[in-house]
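# An overview of the molecular structure
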Amino acid sequence: DSITDSSTSNRYTILIYPGTYTENAMVIPDYVSLTAVGNFENTLIEASTASTTLITAGHDSMVQNVQLKGTLGGVVCYQTNDVSYIQDMELRDCDTGIYVTGVSAQLKARNILVHNGTFTDVIKIDGAATAHITDIEIHDGTITNGISVRSEEHTSELQSHSFISYAVFCLKKKTIGRAPVWC
């Protein structure tokens, strides 16, 4: 709330030091980045209450090197209605991990790990929103829809576009022949 003068020529980066942070809904202003120091395994931002959006990203914002954890009861861990970027992020226990919605919404995401959680949608892309996702891994989760792409209801043409360049889905151990396979 205290950053009010960010712009395309006056960008801010907020450094987050290792630790666990329990937060109410956070809105990242336009042209502001949240970057954890070190790797994402050491910095956890978790929702303080259910039925909220943990992080709503502003225009040309970035979140990187963090774990986001929801609570049971409908948390959206990361939402964008505009152009935003995420990198090196782990998602846990979010009803919806990443939600991209709106006519001008564009998400570029890289190196996303979905681990040990319960999700309705890992990634949900609505309306005319677009997403370019590189390197997503899903391990040991209870997932209803996985990646959901929905068009506007009033049109017969699918307007949402998504591109996934590399994905690994490993939900549980399976046996091929007599040998168990783990990922």
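Residues numbered from 1 in each chain as written. Predicted model: local features only at pLDDT ≥ 70, side-chain atom pairs only at ≥ 80, totals over all residues. Heavy atoms only, no water.

## Points about the overall build of the protein
Here is the rule we go by: Here a helix means four or more residues in a row that DSSP labels H or I, a strand means two or more in a row labelled E, and each is numbered from the N terminus. The buried label applies to any residue whose accessible area, calculated with a 1.4 Å probe on protein chains only, is under 20% of its type's maximum; exposed applies above 50%, and partly exposed to all values in between. We call two residues in contact whenever any of their non-hydrogen atoms come within 4.5 Å of each other. Per-residue accessibility takes into account occlusion by the displayed protein chains alone, with areas from the Shrake-Rupley method and a 1.4 Å probe.
If you tally the helices and strands in the protein, you get 0 helices and 20 strands. Taken across its 183 residues, the protein has 43% of its residues classed as buried. A separation of at least 24 residues holds for 54% of the contacts in the protein among residues at least 6 apart in sequence. Split by element, the accessible area of the protein, about 9,500 Å² in all, is 49% carbon and sulfur.

## Overview of the packing of aromatic side chains
Which entries qualify depends on this criterion: Pairing of aromatic rings covers Phe, Tyr and Trp, the last counted by its six-membered ring, and requires centre-to-centre distances within 6.5 Å; plane angles under 30 degrees mean stacked, over 60 mean edge-to-face, and any other angle means tilted. For a Lys NZ or an Arg CZ to count as sitting over a ring, it must be within 6 Å of the ring centre and within 35 degrees of the ring normal.
Per the counting criterion, the structure on display carries 0 aromatic pairs. If you follow K124 out to its NZ or CZ, it ends over the ring of Y99, 5.2 Å from the centre.

## Let's talk about the pattern of salt bridges
The line we're drawing: One speaks of a salt bridge when a side-chain nitrogen belonging to Lys or Arg is within 4 Å of a carboxyl oxygen belonging to Asp or Glu.
Counted according to the given criterion, the structure contains 3 salt bridges. Among the salt bridges present, the one from R11 reaches D60, with a minimum N-O distance of 2.7 Å. Here the residue R11 occupies a position in the segment before β1 (12-16), and D60 occupies one in the loop between β6 (53-57) and β7 (61-69), the gap between them amounting to 49 residues. Residue classification places R11 among the partly exposed positions, given a relative accessible area of 44%. On the basis of relative accessibility, which here comes to 19%, the residue D60 falls in the buried class.

## Some details on the state of the cysteines
Cut-off, in case you're wondering: Here, a disulfide means two cysteine sulfur atoms that sit within 2.5 Å of each other.
Within the structure shown, the criterion is met by 1 disulfide. Between the sulfur atoms of C77 and its disulfide mate C94 the distance is 1.9 Å. Measuring handedness by torsion sign, the sulfur bridge of C77 and C94 sits at about -80° and is left-handed. With a gap of 17 residues between them, C77 in strand β8 (residues 76-80) and C94 in the loop between β9 (83-92) and β10 (96-100) connect regions that are remote in the sequence.

## Section: unusual backbone geometry
Trans is the common state for peptide bonds, and a negative phi is the common state for residues other than glycine. Backbone geometry places N65, a non-glycine residue, at a positive phi of 65°. For N65, the position within the fold is in strand β7. Among the residues examined, N65 registers a relative accessible area of 16% and is labelled buried. Phi is positive for D93, close to 50°, though the residue is something other than glycine. Tracing the backbone through its elements, the reader meets D93 in the loop between β9 and β10.

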